[in-house]
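# Coordinates in review
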Amino acid sequence: MDCPNCDHDPTNVVDTGTTTDGTAVRRRRECAACSFRFTTYERTEWESLRVEKRDGSVEPFDREKLRTGIERAVEKRPVDAGDVATLVDEVEADLLDEDGRVVTSERVGALVSERLRSVDQVAYVRFVSVYRAFSDPAAFRRALDAVLGDDAGDVAYDGGGQSHGQTDFDT
């Protein structure tokens, strides 16, 4: 394996272990040339898992693409990289447990949003706004209201964007 720091090959494996969920082998490596240390993960490749997009095209499932989408949703939120990695692992495991080897992008989005809602509600709203591709502000508002539920407090909305009632800002 090439060193990500200096591109030297080979690197030495310093430590090997499994991830906590047992789905991957973690290897700590050190470059023989520059002594840079880094971690690699070895996972089973499920080439048969494919995703059907909204336009009907089918492409291989891509963990990195999934991780990137989740990271965009949790950007600047109190969600650590370990939570993102766990979420990606859980979604992938659920997809692999399903009967078919072709899953819809809607199914992937539903699994992510289901888990993301319990991790961080702001990240959930960000993710759902992209995943559901709201074209109507009222549909987006309904999704937001579903998240807020009873947490909306005493604030009532009149449908025109105006709030009425006592808020933390009224002093």
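One can find the structure itself at the top, above this paragraph.
## What about the overall build of the chain?
- Counting secondary structure elements, the chain contains 5 helices and 8 strands.
- Element order for the chain, N to C, with α for helix and β for strand: β-β-β-β-β-α-α-β-α-α-α-β-β.
- Evaluated residue by residue, the chain yields a buried proportion of 27% over its 171 residues.
- Contacts in the chain between residues at least 24 apart in sequence constitute 39% of all its contacts with a sequence separation of at least 6.
- Here the chain has roughly 11,100 Å² of accessible surface; of this, 47% comes from carbon and sulfur atoms.

## Brief notes about the sheet that holds strand β5 (residues 58-60)
- Taken together, the 3 strands give an open sheet; going across it, the order is β5-β4-β6, and neighbouring strands pair in mixed fashion. Two strands lie at the open edges of the sheet, namely β5 and β6 (102-104), each paired on one side alone. Within the sheet, the average angular offset between the axes of one strand and its neighbour, ignoring direction, is 35°.
- Pairing geometry for strand β4 (residues 50-52) and β5, over 3 bridges, is antiparallel. Opposite E52, over in β5, you have V58 as the bridge partner.
- Against the sheet, helix α3 (residues 105-119) contacts β4 and β6, and its axis sits at roughly 65° relative to β6.

## Topic: the nonpolar core
- Ranked by size, the top nonpolar core spans 22 residues in total, and within it L66, I70, V74, V91, L95, V112 and L116 carry the most contacts.
- Of all the secondary-structure elements, those providing two or more residues to this core are α1 (63-74), α2 (81-97), α3 and α4 (121-131).
- In terms of residue count, α2 provides more of this core than any other element does, 6 residues in total.
- Not counting residues within four places of it along the chain, the set of residues in contact with I70 comprises V84, L87, V88 and V112.

## A few points about the packing of aromatic side chains
- All chains considered together, the criterion is met by 1 aromatic pair.
- Between the aromatic rings of F36 and F38, the centroid separation amounts to 6.1 Å while the plane-to-plane angle is 20°, which identifies the pairing as stacked.
- Directly above the ring of Y124 sits R117, whose terminal nitrogen or CZ lies 5.3 Å from the centroid.

## Digging into the packing of α1 against α4
- Put simply, α1 and α4 touch, their axes get as near as 8 Å, and they point 125° apart. Between α1 and α4, the angle falls in the class oblique. In the packing of α1 onto α4, the handedness of the crossing is right-handed. Counting all contacts with α1, which are made through G69, R72, A73 and V74, the residues of α4 involved are A123, R126 and F127.
- Its residues assigned to classes, the contact of α1 with α4 shows 4 nonpolar, 1 polar and 2 charged.

Here is what the cut-offs are and how they apply
- Residues numbered from 1 in each chain as written.
- Predicted model: local features only at pLDDT ≥ 70, side-chain atom pairs only at ≥ 80, totals over all residues.
- Heavy atoms only, no water.
- Helix = DSSP H or I, 4+ residues; strand = E, 2+ residues; numbered from the N terminus.
- Buried < 20%, exposed > 50% of the residue type's maximum accessible area, 1.4 Å probe, protein only.
- Contact = heavy atoms within 4.5 Å.
- Areas by Shrake-Rupley, 256 points an atom, 1.4 Å probe, with all protein chains shown as cover.
- Pairing = 2+ DSSP bridges.
- Axes fitted to C-alpha atoms, helices over the stretch in contact; angles between N-to-C directions.
- Core = buried A, V, L, I, M, F, W, Y, C linked by side-chain atoms within 4.5 Å.
- Phe/Tyr/Trp six-rings, centres within 6.5 Å; stacked < 30°, edge-to-face > 60°.
- Lys NZ or Arg CZ within 6 Å of the ring centre and 35° of its normal.
- Parallel < 35°, antiparallel > 145°, perpendicular 65-115°, else oblique.
- Left-handed = near helix turned anticlockwise from the far one by under 90°.
- Nonpolar A, V, L, I, M, F, W, Y, C, P; charged D, E, K, R; others polar.

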